Amino acid sequence: MGNPAQTDDPVAGGGSPPDDGDRTDGTRGRRQARQQRSFWKEFPFLIGIALLLALLIKTFLLQAFSIPSNSMQNTLQIGDRVLVDKLTPWFGSKPERGEVVVFRDPDNWLRDEPTAEPNALQKALSFVGLMPSANEKDLIKRVVGVAGDTVECVGTGPLKVNGKALDEPYVFAGNTPCSTEEQNGRGGQFKVTVPKGKIWVMGDHRQDSADSRFHQDGPGQGFVPVDDVVGRAVVIAWPLNRWDTLPVPDTFDQRGLSAAATVAPGALALTAAVPAVLWRRRRR
């Protein structure tokens, strides 16, 4: 009789079947290795995207700034990190009274101030917005007058805007809203009208703030060009126990504070006269 037929079936032939677990583990291991290699290849790309997004946010949305001096106490303390809104100016928003703003040194105000030189890493991280600005030529103050406003200090105050006395609860405890101190013949006593395209700024720590008052002898006469304003400080972001928003104080919501209020009575009288004129014409 012939020999029994040969078969490749390892079971039928008495052999052992292959271990599916070994094959699965091998496939999984190769897949994980490929995923790890793919991650490390993509990692520089992901870092580049993150840096680009940080740069775009810093340029167009928000930027962090560090507070270097006492001039805005107690609203802001040395070492506070504030976030500055840089988006709304792109839509035509202008600085308003009461806002805390960051602006570029308009007239070499900081010429006598020592500035620390940041290292290369600090400059790089600051450039992309991952650290507060390393540009120590930026200042931060409160806007108290905008174009057309008349701002005045007599004696120790109060500060007046368009003839209206301001109640300023944010002024540093123990300070007076105005002062009689002077630098180069200029300072605490003044009466100015803010030109178009400019703002008048003062620090909340009135007796420790070299602000618009003390630069009236310069080419800019103490006024800050609106174009030099980087943006409005909106939040104290660091340290965490100091986290807070920076709203416009109710002081600047006072009725009649605007310079336009001086012509309002005439406008109101004209508006009231129109119906009377129309009524007389109808009777005729």
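Residues numbered from 1 in each chain as written. Predicted model: local features only at pLDDT ≥ 70, side-chain atom pairs only at ≥ 80, totals over all residues. Heavy atoms only, no water.

Draft legend 1. Region of the structure containing the environment of Leu 76. Residue position: Leu 76 is located in the loop between strand S1 (62–66) and strand S2 (81–85). In this structure the C-alpha to C-alpha distance between Leu 76 and Ile 236, which are 160 residues apart in sequence, comes to 8.1 Å. Contacts of Leu 76, omitting those with residues within four sequence positions, involve Ile 67, Val 82, Val 100, Ile 140, Ile 236, Arg 242 and Leu 246. (Helix = DSSP H or I, 4+ residues; strand = E, 2+ residues; numbered from the N terminus. Contact = heavy atoms within 4.5 Å.)

Draft legend 2. Inspection of the state of the cysteines at higher detail. One pass over the structure, following the stated rule, counts 1 disulfide. Residue pairing for Cys 153: its cysteine sulfur links by disulfide to Cys 178, the two sulfurs lying 1.9 Å apart. Residues Cys 153 and Cys 178 are joined by a disulfide whose S-S torsion is about -75 degrees; by sign, that bridge is left-handed. Taken together, the residues Cys 153 in strand S5 (residues 150–153) and Cys 178 in the loop between strand S7 (164–165) and strand S8 (182–183) connect sequence positions 25 residues apart. (Disulfide = S-S within 2.5 Å.)

Draft legend 3. Spotlight on the nonpolar core. Core analysis: the largest hydrophobic core is formed by 17 residues, its most contacted members being Val 144, Val 151, Leu 159, Phe 190 and Trp 200. Where this core is concerned, the elements lending two or more residues are S5, strand S10 (190–193) and strand S11 (198–202). With sequence-adjacent residues up to four places away left out, Val 151 is seen in contact with Val 144, Gly 145, Leu 159, Lys 160, Phe 190, Lys 191, Val 192, Val 194 and Trp 200. One finds Phe 65, Val 102, Val 230 and Leu 246 within the second-largest nonpolar core, a separate group that totals 13 residues. (Core = buried A, V, L, I, M, F, W, Y, C linked by side-chain atoms within 4.5 Å. Buried < 20%, exposed > 50% of the residue type's maximum accessible area, 1.4 Å probe, protein only.)

Draft legend 4. Looking closely at a nonpolar patch on the surface. On the surface, a nonpolar cluster with roughly 400 Å² of combined accessible area is contributed by Leu 87, Trp 90 and Phe 91. Residue placement: Leu 87 occurs in the loop between S2 and strand S3 (100–104). We classify Leu 87 as partly exposed; its relative accessible area is 34%. (Patch = residues over 30% accessible without salt bridge, like charges linked within 9 Å, V, L, I, M, F, W, Y side chains within 5 Å. Areas by Shrake-Rupley, 256 points an atom, 1.4 Å probe, with all protein chains shown as cover. Salt bridge = Lys/Arg side-chain N within 4 Å of Asp/Glu carboxyl O.)

Draft legend 5. Structural detail: the layout of surface pockets. Computed from the structure, the second largest pocket encloses a volume of approximately 320 Å³. In terms of residue count, the dominant contributor to the lining of the second largest pocket is strand S13 (residues 229–238) (4 residues). Partitioning the lining of the second largest pocket into residue classes produces 7 nonpolar, 5 polar and 7 charged. (1 Å grid on protein atoms, 1.4 Å probe; cavity = no way out; pocket = protein on both sides within 12 Å on 5 of 7 lines; lining within 4 Å. Points joined across faces, edges and corners; volume = space filled by probe spheres on them. Nonpolar A, V, L, I, M, F, W, Y, C, P; charged D, E, K, R; others polar.)

Draft legend 6. Inspection of the packing of aromatic side chains at higher detail. Counted by the stated rule, this structure contains 4 aromatic pairs. Relative to Trp 109, the ring of Phe 103 has its centre 5.9 Å away and its plane inclined at 80 degrees; by these criteria the two rings are edge-to-face. Each member of the pair, Phe 103 as well as Trp 109, carries the same accessibility label: buried. Ring centres of Tyr 170 and Phe 252 lie 6.3 Å apart, and the angle between their planes is 15 degrees; this geometry places the pair in the stacked category. (Phe/Tyr/Trp six-rings, centres within 6.5 Å; stacked < 30°, edge-to-face > 60°.)

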